[in-house]
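# Descriptive analysis of the structure
Listed below are the residues making up each chain.
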Amino acid sequence: MFDNLLYQNASSLLREDILNGRLPGAILLAGPVSSGKLTCALEIARILSCSGHNQYNQRGHWLCDCPSCKKNKELSNTNVLLAGPRDCSLEILAAKKAFIQASFDNSSFLPAVRYLFIRSVRKLTMRFSQILWEGDDKLSKIAPVAAAIDEQMEKLNPDKDLPDSDKLEKICDDIVKNCEKLESGFMYDSLPVNQIRRASVWAHLKSVSGKKIFIIENADRMLESVRNALLKILEEPPEDMVFILTTSNRGAVMPTILSRVRTYNFTERSLPQQQEVVNRVFHARGGDEKLLINDYLQLFLPVKPAEIKKNADSYFNFLMNGQIPMADAVVKECNGFEPRFLLKIFLTGIMETARGSDFSPARSEVCSKIVDFVRECYNGVIIFNQSPVAAIERLSRDLSSVKRELSL
């Protein structure tokens, strides 16, 4: 159990609770970003649905090949729902690189990175299950993209022989392209309340095989209406249902939700441990295996974070000097903010520059306004699907008003 969760003591606690039948119907996995919380949640789902009919005669054995475990390893078990905001693109790109390189080299770990790529893609596509999106007006646009991904993913089915390296790379490129379209066009920053309501209906339907699992990532980022809807389910949880929430900010989770879940704490891995994770999971080389997990993933950004922050610094200073940068030029320099993670880096860079500026004696009030303007820009793109150019144009106007106030 939990052989794929490295350097987290929570795995031992979870293993004991599962084996002794003490795992409650709702748990929270809390800890730093990239500490393995989603990996753990998905492994819990596999273990709880395992039939135990394997050569090891042990439920949840890492090498179990029962039908349920096979589906869970491929993340295709219909008894598992996954929801919540997440930046998936960098992990998909890192997994693709490992997969293509292993295929080219015919490496011994090719089967492992095959699963790595399949799972990285399905960590995204599972969030667009028709169960969660039924009745949403976006579904008609989501469905063709998701179907295109599924069609190509079928060619990578572990039960089939892989195509040659050139064809494989083309298949993976097509998958990545559609994943980028899916994430940039439809990923939310806060879980829609209707998805909780649809999941509640699904949760109360009797399962014909094993437990049902509902995983919600970044539970701290739920709006009040979503938290209240989830709380209603947790107050009277359906039989044979397990809720797994994750968060990197436990203090932001609603207290009434915390009172209804058991928390398993994850810790920040040490530098050597993170380097080993990068090496064992992504098989990095050429010096990259010595990077921290997040630093390694950021190698796959189309623009380096340092360059984005430099653009943010220049943008803010231009505005404070009374000049208005062209929004389309700003967006172009930042690769159109694709993936959307680049927008987060850019706006964070603005805040860092603002904090270093001298706005005395009105510093606190000015910084508060800038935080609000930056938040509105982010929400405009991520939640309300505003174009990045339009969002930056509005941000420029808002920040220019701050400059005018300081000049009075």
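Calculation notes
Residues numbered from 1 in each chain as written. Predicted model: local features only at pLDDT ≥ 70, side-chain atom pairs only at ≥ 80, totals over all residues. Heavy atoms only, no water. Buried < 20%, exposed > 50% of the residue type's maximum accessible area, 1.4 Å probe, protein only. Helix = DSSP H or I, 4+ residues; strand = E, 2+ residues; numbered from the N terminus. Pairing = 2+ DSSP bridges. Right-handed = clockwise from strand over helix to strand, strands pointing away. Axes fitted to C-alpha atoms, helices over the stretch in contact; angles between N-to-C directions. Parallel < 35°, antiparallel > 145°, perpendicular 65-115°, else oblique. Left-handed = near helix turned anticlockwise from the far one by under 90°. Contact = heavy atoms within 4.5 Å. 1 Å grid on protein atoms, 1.4 Å probe; cavity = no way out; pocket = protein on both sides within 12 Å on 5 of 7 lines; lining within 4 Å. Points joined across faces, edges and corners; volume = space filled by probe spheres on them. Nonpolar A, V, L, I, M, F, W, Y, C, P; charged D, E, K, R; others polar. Phe/Tyr/Trp six-rings, centres within 6.5 Å; stacked < 30°, edge-to-face > 60°. Lys NZ or Arg CZ within 6 Å of the ring centre and 35° of its normal. Salt bridge = Lys/Arg side-chain N within 4 Å of Asp/Glu carboxyl O.

With respect to burial, strand E4 (residues 241-247) is a largely interior element, 7 of its 7 residues being buried. Neither face of E4 is left uncovered, since the one carrying Met-241, Phe-243, Leu-245 and Thr-247 and the one carrying Val-242, Ile-244 and Thr-246 both have all their residues buried. Across 5 bridges, strand E1 (residues 26-30) lies against E4 in parallel orientation. Within the sheet, the bridge partner assigned to Ala-26 lies in E4 and is Phe-243. Pairing of strand E3 (residues 212-216) with E4 involves 5 bridges; the strand directions are parallel. Across the sheet, residue Lys-212 finds its bridge partner in E4, namely Met-241. Remark: the E3/helix H10 (residues 224-235)/E4 crossover connection has right-handed handedness.

Glancing now at the environment of Phe-243. With respect to the helices and strands, Phe-243 occurs in strand E4. Residues Phe-243 and Lys-212, 31 residues apart in the sequence, show an inter-C-alpha distance of 8.6 Å.

The interhelical angle for the contact between helix H5 (residues 110-125) and helix H8 (residues 165-186), taken along N-to-C directions, is 25 degrees, at an axis separation of 10 Å. Put simply, H5 runs roughly parallel to H8. Relative to H8, the crossing made by H5 is left-handed. Taking contact as the criterion, the partners of Phe-117, Val-121, Leu-124 and Thr-125 in H5 are, on H8, Cys-172, Ile-175, Val-176, Cys-179, Leu-182 and Glu-183.

In total, this model carries 2 cavities of 30 Å³ or more according to the counting rule given. In this model, the largest cavity occupies a volume close to 40 Å³. As for the largest cavity, its lining consists of Leu-42, Ala-45, Asn-72, Leu-75, Ser-76, Asn-77, Val-80 and Met-126. Each residue belonging to the lining of the largest cavity can be placed in one class, and the counts come to 5 nonpolar, 3 polar and no charged. Put simply, the second largest cavity is a space of about 30 Å³. For the lining of the second largest cavity, the elements supplying multiple residues, two or more each, are helix H17 (363-382) and helix H18 (388-407). Broken down by element, the lining of the second largest cavity gets its largest block of residues, 4 residues, from H18. Of the residues assigned to the lining of the second largest cavity, the class counts are 4 nonpolar, 1 polar and 3 charged.

For the rest of this paragraph, the subject is unusual backbone geometry. The omega torsion of the bond from Glu-338 to Pro-339 falls at 0 degrees, within 30 degrees of zero and hence cis. Along the chain, the position of Pro-339 falls in the loop between helix H15 (327-333) and helix H16 (341-355). Phi at Ser-34 takes a positive value of approximately 60 degrees, unusual for a residue other than glycine. Tracing the chain through its elements places Ser-34 in the loop between E1 and helix H2 (37-49). In this structure Ser-34 comes out as partly exposed when scored by relative accessible area, which is 27%. Positioned with a positive phi, Phe-337 is a non-glycine residue whose angle comes to about 55 degrees. One can find Phe-337 in the loop between H15 and H16.

Before going further, it helps to examine the packing of aromatic side chains. The final tally for this structure, using the stated rule, is 8 aromatic pairs. Judged by centre distance (6.3 Å) and plane angle (65 degrees), the rings of Phe-214 and Phe-243 are edge-to-face. Of this pair, Phe-214 sits in strand E3 while Phe-243 is found in strand E4, placing the two residues 29 residues apart along the sequence. The two residues Phe-214 and Phe-243 agree in class, both being buried. Ring geometry for Tyr-296 versus Phe-300: centroids 5.4 Å apart, planes at 75 degrees, classification edge-to-face. Phe-300 gets classed as buried once you look at its relative accessible area, which sits at 18%. Taken together through their ring pairs, the aromatic side chains of Phe-128, Trp-133 and Tyr-188 make up a single cluster. Cation over ring: Lys-212 sits above Trp-202, and NZ or CZ is 4.5 Å from the ring centre.

Tallying each qualifying case throughout the model produces 24 salt bridges. Salt-bridge contacts for Arg-15 lead to Glu-16; the nearest nitrogen and oxygen are separated by 3.8 Å. By relative accessible area, which is 32% here, Arg-15 ends up partly exposed. Taking relative accessible area as the criterion, Glu-16 reaches 39% and is therefore assigned partly exposed.

Read from one edge of the open sheet, 5 strands run E2-E3-E4-E1-E5, paired in parallel fashion. Each end of this open sheet is capped by a strand with a single partner; those strands are strand E2 (80-83) and strand E5 (262-265). On average, adjacent strands in this sheet sit at an angle of 20 degrees to one another, irrespective of strand direction.

That's the geometry; what it means functionally is another story.
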